[in-house]
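# What the coordinates show
What follows is each chain in one-letter form.
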Amino acid sequence: MSQAAPEPSRAPTPDPAEDDAYFPSPYSLGQYTAPRTDFDGVRHKGAYTQGRWKVLVIAAEERYVLMQNGTQFSSGNHPVETLLPLHHLMEAGFDVDIATVEGYPAKLELWAMPRDDEAVLGTYEALKPKLKRPRRLADVVAKELGPDSDYLAVFIPGGHAAMVGLPTSETVGRTLDWALAEDRFIITLCHGPAALLAAKLGKTESPFKGYSLCVFPDAADEGPNVDIGYLPGRLPWLVADLLSKQGLNILNDGLTGSTHQDRRLLSGDSPLAANKLGLLAADALVEAAAG
């Protein structure tokens, strides 16, 4: 009589590249990752042909998130959250530039890469040179952000690493100020909305006060993500909590793949929302470019 296979370990996996740093546990990866996404095609293939408008991606350049217990979570941008929305936009005809705050290489959570998903893998190969050699965001701000900028949207992908550096960056804040002032799109999901906190730097209130959005729920980071070993400890702070304190309205309290558009802010709650957010973003950008 065959015996049931033992349950994968819920202990976070040590990252040998750094002291007291951890990848998600085998059990949590079984719960949170899959070889394919829900991608089933694009809606606007080749729709934009004029060649001017581009998307500026603000990627994470920090790998490690310091937890309350002193351990470090080995993170980066989530590949599905990063690459699947960009696949929709690139297939529609928009070019992509990638920047990090200091110009260091973008970090990805490659343990979450869907290895049998051609859309995600193809986009990764296309963007790999730019991910390795991104632009320095301050240079983009100084030289290319103005009323006549060719960037139609700013995209801030998720992954816990978006909590490191971006929320406290004055350069990120200036980029967001520009996008709001020039009526450009801001696209973000999961933990990416942490970067919106930078918009309040030096101000009495956030320019996003009163906006509604979807974000990764704090309850999952406080509970299941620790219990199943996705995180090696509790986070130092919680994204939805701080956004709420700045006057933003969080629409979701669970992980359902929800998305939302409030004015030109497009958001999603998790990797489950990546495909739907890509469709929403392509709809919005193609319509804006045609106008």
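A brief look at the structure comes next.

Quick notes on the rules
- Residues numbered from 1 in each chain as written.
- Predicted model: local features only at pLDDT ≥ 70, side-chain atom pairs only at ≥ 80, totals over all residues.
- Heavy atoms only, no water.
- Phe/Tyr/Trp six-rings, centres within 6.5 Å; stacked < 30°, edge-to-face > 60°.
- Helix = DSSP H or I, 4+ residues; strand = E, 2+ residues; numbered from the N terminus.
- Buried < 20%, exposed > 50% of the residue type's maximum accessible area, 1.4 Å probe, protein only.
- Salt bridge = Lys/Arg side-chain N within 4 Å of Asp/Glu carboxyl O.
- Expected span 1.5 Å × (residues − 1).
- Contact = heavy atoms within 4.5 Å.
- 1 Å grid on protein atoms, 1.4 Å probe; cavity = no way out; pocket = protein on both sides within 12 Å on 5 of 7 lines; lining within 4 Å.
- Points joined across faces, edges and corners; volume = space filled by probe spheres on them.
- Nonpolar A, V, L, I, M, F, W, Y, C, P; charged D, E, K, R; others polar.
- Pairing = 2+ DSSP bridges.

Moving on, we come to the packing of aromatic side chains. Per the counting criterion, the structure on display carries six aromatic pairs. Measuring from ring centre to ring centre gives 5.6 Å for Phe-73 and Tyr-230, while their planes differ by 50 degrees; the resulting arrangement is tilted. Placement of the pair is Phe-73 in strand β5 (residues 72-74) and Tyr-230 in the loop between α7 (224-227) and α8 (239-245), with a sequence separation of 157 residues. When sorted by exposure, Phe-73 lands in the same class as Tyr-230, which is buried. Here Trp-111 and Tyr-230 contribute two aromatic rings whose centre-to-centre distance is 5.8 Å and whose plane-to-plane angle is 80 degrees, an arrangement assigned as edge-to-face. Remark: Tyr-230 occurs in the loop between α7 and α8 and Trp-111 occurs in the loop between β6 (95-100) and α3 (118-132); sequence separation between them is 119 residues.

Right, let's get into the pattern of salt bridges. According to the stated counting rule, one finds 18 salt bridges in the structure shown. Between Arg-135 and Glu-144 there is a salt bridge, with its nearest N and O atoms 2.3 Å apart. When salt bridges with common partners are traced through the structure, they connect Lys-54, Asp-95, Asp-97, Lys-130, Arg-135 and Glu-144 into a single cluster.

Given a rise of 1.5 Å per residue, 14 residues ought to cover 20 Å, and the 20 Å separating the end C-alpha atoms of helix α2 (residues 79-92) matches this to within 8%. With 12 of 14 residues buried, α2 lies mostly within the body of the structure. The set of residues buried in α2 consists of Pro-79, Val-80, Glu-81, Thr-82, Leu-83, Leu-84, Pro-85, Leu-86, His-87, His-88, Leu-89 and Ala-92. Of the surrounding secondary structure, the elements contacted by the buried residues of α2 are β3 (54-58), β6, α3, β8 (151-156), β9 (185-189) and α9 (274-290).

Attention now moves to the layout of surface pockets. Counted as a void, the largest pocket has a volume near 460 Å³. Taken together, 27 residues make up the lining of the largest pocket; nearest its centre are Tyr-32, Thr-33, His-78, Pro-271 and Leu-272. Secondary-structure elements contributing two or more residues to the lining of the largest pocket are α1 (26-32) and α2. For the lining of the largest pocket, the per-class residue count stands at 13 nonpolar, 10 polar and four charged.

This next bit is on the sheet that holds β8. Spatially, β7-β6-β3-β8-β9-β13-β12 is the arrangement adopted by the seven strands of the open sheet, whose pairing is mixed. Looking along the sheet, the strands with just one partner apiece sit at the ends: β7 (135-136) and β12 (259-262). Note that β8 and β9 share four bridges and pair parallel. Considered in β9, the bridge of Ile-156 is made with Thr-188.

Bringing the environment of Ser-244 into the picture now. Residue placement: Ser-244 occurs in helix α8. For Ser-244, a relative accessible area of 38% corresponds to the partly exposed category. Between the C-alpha atom of Ser-244 and that of Ser-212, which follows or precedes it by 32 residues, the distance is 9.9 Å.

A separate point is unusual backbone geometry. The residue Asp-183 is not glycine, and still its phi comes out positive at about 60 degrees. Here Asp-183 lies in the loop between α5 (170-181) and β9.

Turning our attention to the environment of Asp-19. Looking at where Asp-19 falls in the secondary structure, it is placed in the loop between β1 (13-14) and β2 (21-23). Classification of Asp-19 as exposed rests on a relative accessible area of 64%.

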